[in-house]
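# Remarks on the overall topology
What follows is each chain in one-letter form.
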Amino acid sequence: MAGEFGRYIDAKRKGRGPNGTDILLKDIAEAMGKTATYLSDIVKGRRNPPEKELLDKIADALHLDDEEQAEMLDCAGRDRKEAAPDLPDYIMDEDIPYVRAALRRANAKGLGNDFWKKVFDDMDEED
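So, here's what we can say about the structure. Note that this is a predicted model, so its numbers are computed, not measured.

### A look at the environment of L25
Its place among the elements puts L25 in helix α2 (residues 25-32). It is 39 Å that separates the C-alpha atoms of L25 and K118, two residues lying 93 residues apart in sequence. Contacts of L25, omitting those with residues within four sequence positions, involve R13, L39, S40 and V43.

Listed below in C-alpha cells is the structure:
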C-alpha cells in the first residue's frame, strides 16, 4: 500500500505533462537515473523514499514549486520516520548549536504548532 510520499508523487504527476497529460513514472525515473520499477516500488510503498539528491530530481521532473517541494520532502521524512531530508545538515551544523538546544527545549516543554507558528510569524516581521 502506498505511503504518504507515494500518494503525493502520484497526485502531483497528474496533469503536469505536455498539454495537461500525466507525467509518466518512467519519465520521472529516467530523470532520476533509475528504472521505472524502482520508482514504482517507491510510489507503491514497497521502498522508502530516496535520498535528497534523487528527491530534487523528482521535484524537477514534476515541476514542483518551492512550497510543493517542501511538502514532498516532509512526506518523504514522515514515511522514513526521520526529519525531512533537507533539514538534518542544518539541524546538526556545529556552528549553530542553539538549533538543537531550541528543539530539545521545545520538545521537553511539549510546545506544539502554536509556539512554532509564532516563531515563524516573528521571523516574517524581521524581514
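There is more to say after this.
### Regarding the packing of aromatic side chains
Considering all chains together, one arrives at 1 aromatic pair under this definition. Centroid distance F115 to W116: 4.9 Å. Interplanar angle 80°. Geometry classified as edge-to-face. Overall, F115 belongs to the partly exposed group, its relative accessible area being 35%. Seen from the ring of Y38, K34 lies directly overhead, with NZ or CZ sitting 5.1 Å from the centre.

### What to know about the pattern of salt bridges
Enumeration over the complete set of coordinates arrives at 13 salt bridges. In this structure, the salt-bridge partner of R46 is D41, at a minimum N-O distance of 2.8 Å. When the shortest N-O distance is used, the salt bridge between D41 and R47 registers 3.8 Å. Assessed through its relative accessible area of 17%, D41 is described here as buried. Overlapping salt bridges, with partners in common, bring together E4, E71 and R78 in one network.

Calculation criteria
Note that residues are indexed from 1 along each chain, following the sequence as it is written. Only residues with pLDDT of at least 70 get local features here, since the model is predicted, and only at 80 or more are side-chain atom pairs given and counted; chain-wide, interface and lining totals rely on the full set of residues. The side-chain numbers reported here are obtained from all heavy atoms of the structure, hydrogens and water having been left aside. Here a strand is any run of E in DSSP of at least two residues, a helix any run of H or I of at least four, and the numbering for each starts at the N terminus. Contact between two residues is taken to exist if any of their heavy atoms lie within 4.5 Å; hydrogens are not considered. Note on aromatic pairs: the rings of Phe, Tyr and Trp (six-membered ring only in Trp) are paired at centre separations within 6.5 Å, and the planes decide the class, stacked below 30 degrees, edge-to-face beyond 60, tilted for the rest. Think of it in three bands: residues with accessible area under 20% of the maximum for their type are buried, residues over 50% are exposed, and the middle band is partly exposed, with areas taken using a 1.4 Å probe on protein chains only. Criterion for a charge above a ring: Lys NZ or Arg CZ within 6 Å of the ring centre, and within 35 degrees of the ring normal. Salt bridge criterion: a side-chain nitrogen from Lys or Arg within 4 Å of a carboxyl oxygen from Asp or Glu.

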